[in-house]
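What follows is the residue order along each chain.
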Amino acid sequence: MNPPVGQRKLRLATTSLAGCFGCHMSLLDIDERLFELLDRVDLDRSPLTDIKRCGPCDIGLIEGGICNAENVHVLREFRQQCKVLIALGACAVNGGLPAQRNHLDLGQCLQEVYRTGPGIVGGQVPNDPELPLPLNQVHPVHEIVRIDYFIPGCPPSGDAIWKFLTDLLDGRTPRLGHPLLHFD
Ligand code: SF4
């Protein structure tokens, strides 16, 4: 349904940081409701658009935790530009599966992956300055910036994302409730 005359469409930005894009696939799982969503919001920076920097937005969806310096930069940009910032999925909420590397030594991991692992001959750890530096640990997004809402799940279902977004767009406090709320 189009917004009432005179009421501007809201702007929605999305990003994937240390994520697997599964949460974005779940967003696409709202299927034909995507048309309704796009009647109500314009997309800003997102893997679904070609916009390179986040402009002023009403809602920002963050998939993925924080594993490198570029993730920190993008997350801060989203916090600056988005009125409401949402941690979408387990990785953003608590670091998720990628945070399992937190009990390992980062240097040793890089050596094993790029130099000493099976089948690697003459490899070296990439050190081009273009590459973002990895952080010693993977962090949930709330350890870097203030987060307004958290949607758990790996990934949250399309129905959960739809319920959450429509609550927000309709001006209600978002409530998932059982059975839309899950952590796996
Ligand atoms: S929460 Fe799950 S689906 Fe979402 S980015 Fe992390 S691993 Fe992928």
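Use the structure listed above.
A few points on the structure. (Residues numbered from 1 in each chain as written. Predicted model: local features only at pLDDT ≥ 70, side-chain atom pairs only at ≥ 80, totals over all residues. Heavy atoms only, no water.)

Thoughts on the overall build of the protein chain
A tally of helices and strands in the protein chain yields 6 helices and 7 strands. When the helices and strands of the protein chain are placed in sequence order, the string is β-α-α-β-β-β-α-β-α-α-β-β-α. Principal-axis analysis of the C-alpha atoms gives the protein chain an extent of 65 × 35 × 30 Å. For the protein chain, buried positions account for 40% of its 184 residues. Pairs at least 24 residues apart make up 77% of the contacts formed inside the protein chain by residues separated by at least 6 positions. Within the structure as shown, the protein chain displays about 10600 Å² of accessible surface, and the carbon and sulfur contribution to it stands at 55%. (Helix = DSSP H or I, 4+ residues; strand = E, 2+ residues; numbered from the N terminus. Buried < 20%, exposed > 50% of the residue type's maximum accessible area, 1.4 Å probe, protein only. Contact = heavy atoms within 4.5 Å. Areas by Shrake-Rupley, 256 points an atom, 1.4 Å probe, with all protein chains shown as cover.)

A look at the sheet that holds strand S1 (residues 10-16)
The strand order across the open sheet formed by 5 strands is S2-S1-S3-S5-S7, and the pairing between neighbours is parallel. Two strands lie at the open edges of the sheet, namely strand S2 (41-43) and strand S7 (149-151), each paired on one side alone. Ignoring which end each strand starts from, the neighbouring axes of this sheet average 25° apart. Bridge count between strand S3 (residues 57-63) and strand S5 (residues 82-88): 6 bridges; the pairing is parallel. (Pairing = 2+ DSSP bridges. Axes fitted to C-alpha atoms, helices over the stretch in contact; angles between N-to-C directions.)

Some points on the site of the ligand
Residues in contact with the ligand, as listed here, are Gly19, Cys20, Gly22, Cys23, Glu63, Gly89, Ala90, Cys91, Gly153, Cys154 and Pro155. Of the residues belonging to the shell around the ligand, the class tally is 6 nonpolar, 4 polar and 1 charged. (Near = heavy atom within 4 Å. Nonpolar A, V, L, I, M, F, W, Y, C, P; charged D, E, K, R; others polar.)

Let's talk about the side chain of Ser46
With respect to the helices and strands, the residue Ser46 is situated in the loop between S2 and S3. Overall, Ser46 belongs to the buried group, its relative accessible area being 5%. A distance of 2.7 Å separates the side chain of Ser46 from the side chain of Thr14, its partner in a polar contact. Ignoring anything within four residues of it in the chain, the contact list for Ser46 reads Thr14 and Ile51. (Polar contact = N/O pair within 3.5 Å; in protein donor to acceptor, adjacent residues only side chain to side chain.)

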